[in-house]
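Below, each chain spelled out in residue letters.
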Amino acid sequence: MTDSRMNPEAPPTPDHVTIYAKDYEPPKWWVRHVDLDCDLSADKARIRATLNVEKNGSHDRPLVLAGDGLKPLTVQVDGADAQWTLEGDNLLIELSGEAHEIATTVEFDPSANSQLMGLYASGGLLCTQCESEGFRRITFHPDRPDVLSTYSVTMHADAKAYPILLANGNKVSEGIGEDGRHWARWEDPFPKPSYLFAMVAGDLSANSGAFTTMSGREVELNIWVREKDLPLTHHALQALKDSMKWDEEVYGREYDLDLFNIVAVDDFNFGAMENKGLNIFNSRYVLADSETATDQDFDAIAGVVAHEYFHNWSGNRVTCRDWFQLSLKEGFTVFRDQCFSQDHNSEAVKRIEDVRLLRAIQFPEDSGPLAHPVRPDSYIEISNFYTATVYNKGAELIRMMRTILGEKDFRKGSDLYFERHDGQAVTCEDFVKAMEDASGKDLAQFRLWYSQAGTPTVRAHVDASGSGAVLKLQQDIPDTPGQKDKQPMAIPLKMALLSRQSGAELVEERTVMLGEAEQTVTFEDIAEADPILSINRDFSAPIILESDRDDEELAALARVDGNAFARYEALQELNLRALLPVIRGETVMDASKVIAAFDATLSDERLDDAFKAEAIMIPSEAMIGEKLATIDPDKVHAARQALGHEVGKGLTEKLEQMYGRERPAGDDLSVAAKGQRALSNQLLGLIASGDPAKGARLAKAQYDGARNMTERQGALTVLVSLDGAERGAALEDFYNRFKDQGLVLDKWFGLQARAERDDTMDAVEKLAEHPDFTLKNPNRLRALLVNFASNQWVFHHASGRGYDLLARMVIEADKLNPQVAARLVPPLGRWRRYTDARAKLMRAALQRIEQADGLSKDVFEQVSKSLG
Ligand code: B3K
Ligand code: ZN
């Protein structure tokens, strides 16, 4: 093998070429219709594809069909054997006319497909995953999102092993074949890109329902699972109905087929996939009852069901021209699912959760070696760009446009977008243009959010003098790999000026557009002198805010701000102000202001429990680390522990009294009940921080008396970080109770990997050898390794053992499943931010991965960019 990685002078290996957005060219050939005949069994799939191709414009270029690991058994053009060549994996066919019928046959073994891309076997099922470039592992095809075709699919399989045969669209006929086989034919009338193709064969049962659309059409809904899992599907089915209704009410979008199928599979590379009419889900986002799933799991299921359903319009009916436009469908759809969840839960709390996630994952990405714009300029492997930047920052961009336009014009814009581009493959620019045209607002400067990477920092300062006030704003966009000296962005900042005493808005809430590097805004005739600034309310822009508000002002905001998000922010800031000077070694811990603020929050009867649960969360070690130029994980950990301890001790009485309140019924999934349980688990955590022995007793009692998984997991989360007999007993009980339920056993791995203990490193090394651990199942792999790598203090063990383990696992996993392996790399890529000794060890781990034989392009890209 030629290996350029060993020799920086050598050209990149052919597999590792960079694709640039600027090189986009329309396809030379369209494919108008795809007919597939699929003869399926576990270890052999024979696929005959007939493509109706049509020349695009005038040229003499051959038809290029992408393949991945395929060898053509037959190639015919218009019914006759044809000349063809293979160039790498691609099939080239010279064509003389304007339109032809191309037929190819391939064969492969689905059971040998450990990448879980293309057609693969999972738990006795055969299923597909095509986004982004998996269709080329099933048959030769252009396999690019701007080639849209109608599809007809005939599936043949053994009737006993695979009684259910599903594909996109509607089933048009079925029948019995020879030797115990049967067949079904499906047709999808909506032209779609190949990444939305899907089929599933297996022994499945459905929880079925129906939905009547706004124009009165009946849609059949099915959640397909193994028969024993049927009782676990009610929540997903209800979420699907709720999503269909919400999209009609909020966006005027109606479902378009007579059938909507969801299938749950155990081995899946991510959450779920929006294939037209046949969504395929990681079983984790389908199966739930209160015994086995937490409230958070239930909410995640509803969120993912909604997300995939919403893609039917934002992604499927209007799709992406090329993969650089991924955020066109993902950012918009994440925004839509976030709003759906906000409407079905506490709005402010959902916003807080989404921002917490953005800061925990996207901010570090945006300030590290893998930073890229929401619309990237280049990639080696597109699978590496399903990132928090494309998804979550992308969603923030859509949210900002809604803030700038207002809800009414935003809806006008989305109506125009769907109307203008229905059935097309388009760009992020087309979306912004529709918003601009519908509203008449100029979004020229706003577009920079799509092209400039890096999280802007905004400094805000208020000068109050006499009867007026001046707000001074400054913005700074950091350099990121390949991008320097950036232009100022258009940043919508929701703000108000508040009375210190009452929180009354002395200057009413408004959106200030920051567009210059420096800007001032003047307010006149303010009724009270010395107002407090409440800014970036609702997190109106994804920025880092620096303000010189003092502790008293923050405490006042935490108490009186009418914007719940801003109250939460003030509390977070107070926590950071207690923590950071201790970490820097400037002072000893003074928790008094945090204690007072938590006390006031817990006592405030206007606030709901879900909010209180968020409000008393001490920022995670990862978030604290983001605030430091150089991170010493031991110091961060020690300071955070100390703050938790002080708060727990300082508020013992109140925490215990609130923790002792009566609990809601075990299966009550109302917003209030979920909030109460969330708060109760947070209270337990703080009690244990203050008094570990008491915490262990209470947590064990909660574990033993648990009536649902939220209580059980909440108790175990606390216990795993404590010493004492209770811990071992609960972990053993949990294992014995749930060892046969994969999704719950994942929790057992995850909880231990997250434990904040000095022996967690040993435990994780042992768990990696546990008979129930496997790198083949992405959920199990993530349960142990993603949780471990995000457990800052443990992962960054000064010995470097954490880095070694992760590097070993990346190398092993890469041989099976490059996509999943590559997702483990980013924590090592943060090396520049850590103390010297750790940075060296992290780099060494990356270099070890880099030198492994036969590295996939997925891992190669992440590692080479991380090394910089
Ligand atoms: N569109 C899929 C993600 C596909 C990831 C491919 N590497 C799920 C989603 O975002 O809805
Ligand atoms: Zn999506």
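Residues numbered from 1 in each chain as written. Chains lettered and ligands numbered in written order. Predicted model: local features only at pLDDT ≥ 70, side-chain atom pairs only at ≥ 80, totals over all residues. Heavy atoms only, no water.

Asks: Would you mind going over helix α24 (residues 801-816) in detail, with residue names and values included?
Replies: The end-to-end C-alpha distance of α24, which contains 16 residues, comes to 23 Å, matching closely the 22 Å that a straight helix rising 1.5 Å per residue would cover. Turning to α24, its buried residues number three or more, namely G802, Y803, L805, L806, A807, M809, V810, A813 and D814. Contacts made by the buried residues of α24 are with α21 (760-767), α22 (778-789), α23 (792-795), α25 (818-822), α26 (836-850) and α27 (857-867). (Helix = DSSP H or I, 4+ residues; strand = E, 2+ residues; numbered from the N terminus. Expected span 1.5 Å × (residues − 1). Buried < 20%, exposed > 50% of the residue type's maximum accessible area, 1.4 Å probe, protein only. Contact = heavy atoms within 4.5 Å.)

Asks: Let's hear about the nonpolar core: which residues, and what values?
Replies: Membership of the largest hydrophobic core comes to 118 residues, with the highest contact counts inside it found for F598, L643, L716, L784, L785 and V859. Per-element tally for this core: the top contributor is helix α10 (residues 564-583), with ten residues. Excluding anything up to four places from it in sequence, L785 contacts F773, L775, L806, M809 and L824. (Core = buried A, V, L, I, M, F, W, Y, C linked by side-chain atoms within 4.5 Å.)

Asks: An account of the side chain of Q702 is needed here, citing residue identities and associated values.
Replies: Looking at the secondary structure, you find Q702 in helix α17 (residues 692-704). There is a polar contact of 2.8 Å between the side chain of Q702 and the side chain of N681. In contact with Q702, not counting residues within four places along its chain, are Y659, R663, N681, L684, E711, G714 and A715. (Polar contact = N/O pair within 3.5 Å; in protein donor to acceptor, adjacent residues only side chain to side chain.)

Asks: Could you give me a rundown of the site of ligand 1, with the residues and numbers involved?
Replies: Taken together, 13 residues are adjacent to ligand 1, and E131, A272, E274, E308 and Y391 come closest. Within the side chain of H311, an N or O atom sits 3.2 Å from an oxygen atom of ligand 1. Here Q819 contributes a side-chain N or O atom positioned 3.3 Å from a nitrogen atom of ligand 1. Contact with the protein chains hides 95% of the accessible area of ligand 1, taken as 340 Å² for the molecule alone. Of all the secondary structure elements, the ones that give two or more residues to the shell around ligand 1 are β20 (272-273), α2 (295-310) and α3 (326-344). A per-class count over the shell around ligand 1 returns five nonpolar, three polar and five charged. (Near = heavy atom within 4 Å. Areas by Shrake-Rupley, 256 points an atom, 1.4 Å probe, with all protein chains shown as cover. Nonpolar A, V, L, I, M, F, W, Y, C, P; charged D, E, K, R; others polar.)

Asks: How would you explain the sheet that holds strand β15 (residues 181-192) if you had to name every residue and give the values?
Replies: Spatially, eight strands are ordered β6-β5-β9-β3-β2-β12-β15-β14 in an open sheet, and the strand pairing comes out mixed. The outermost strands of the open sheet, each flanked by one partner alone, are β6 (80-81) and β14 (170-176). Where strand β5 (residues 74-77) lies against strand β9 (residues 99-108), four bridges are found, and the strand directions are antiparallel. Within β9, the position partnered with T74 by the bridge is T105. (Pairing = 2+ DSSP bridges.)

Asks: Go over the UniProt feature "domain: Peptidase M1 alanyl aminopeptidase C-terminal" (unreviewed entry) in the protein with me, naming the residues and quoting the values.
Replies: According to UniProt, the feature "domain: Peptidase M1 alanyl aminopeptidase C-terminal" (unreviewed entry) maps to residues 551-867 in the numbering used here. End C-alpha atoms of residues 551-867 are separated by 40 Å, and the span's content is 70% helix alongside 0% strand. (UniProt positions renumbered as here; feature names shortened; annotations may be inferred.)

Asks: Please set out the coordination of the zinc ion (ligand 2) residue by residue, giving values where relevant.
Replies: Surrounding the zinc ion (ligand 2) are the protein donor atoms H307 (NE2), H311 (NE2) and E330 (OE), which sit 1.9 to 2.1 Å from the metal. Between consecutive donors of the zinc ion (ligand 2), the numbers of intervening residues give the motif H-x3-H-x18-E. Pair noted here: H311 is in the loop between α2 and β22 (319-320) and E330 is in helix α3, with a separation of 19 residues, a long-range link. Judged by its relative accessible area of 1%, E330 falls in the buried class. (Donors = N, O, S within 2.8 Å, 3.2 Å for Na, K, Ca; no water.)

Asks: Give a detailed account of the pattern of salt bridges, specifying residues and quantitative values.
Replies: Inspection of the entire model under this criterion finds 77 salt bridges. Across the salt bridge formed by E586 and R584, the nearest N and O atoms sit 3.9 Å from each other. Residue class for E586 comes out exposed when judged on its relative accessible area of 54%. The class of R584 is partly exposed, set by a relative accessible area of 47%. A salt bridge links R606 to D604; its shortest N-O distance comes to 2.8 Å. What makes R606 exposed here is its relative accessible area of 65%. Among the charged side chains, a network of salt bridges with common partners joins E131, E274, K329 and E330. (Salt bridge = Lys/Arg side-chain N within 4 Å of Asp/Glu carboxyl O.)

Asks: How would you summarise the UniProt feature "domain: Aminopeptidase N-like N-terminal" (unreviewed entry) in the protein if you had to cite specific residues and measurements?
Replies: As annotated by UniProt and renumbered to match this structure, "domain: Aminopeptidase N-like N-terminal" (unreviewed entry) occupies residues 92-196. Here residues 92-196 runs as 0% helix and 52% strand, with 24 Å between its end C-alpha atoms.

Asks: Help me get a handle on the pairing of strand β27 (residues 491-498), residues and values and all.
Replies: In terms of residue burial, β27 counts as a mostly covered element, since eight of its eight residues are buried. With burial as the criterion, each face of β27 is covered, one bearing I491, L493, M495 and L497 and the other bearing P492, K494, A496 and L498. Inspection of the sheet shows β27 paired to strand β28 (residues 505-514) by seven bridges, in the antiparallel sense. Within β28, the position partnered with M495 by the bridge is R510. A loop of six residues connects β27 with β28, the two strands running antiparallel in sequence, and G503 in this loop sits at a positive phi of about 80°. As judged from the four bridges shared by β27 and strand β30 (residues 532-535), these two strands associate in the antiparallel manner. Bridge assignment links L497 to a residue of β30, and that residue is L533.

Asks: Describe the state of the cysteines, and please don't skip the residues or the numbers.
Replies: Within this structure, the stated rule accounts for zero disulfides. Take C38: it sits in no disulfide, and the sulfur closest to it among the cysteines is that of C130, at 11 Å. Unpaired in terms of disulfides, C130 finds its nearest cysteine sulfur in C127, a separation of 10 Å. By relative accessible area, C130 is classed as buried at 0%. (Disulfide = S-S within 2.5 Å.)

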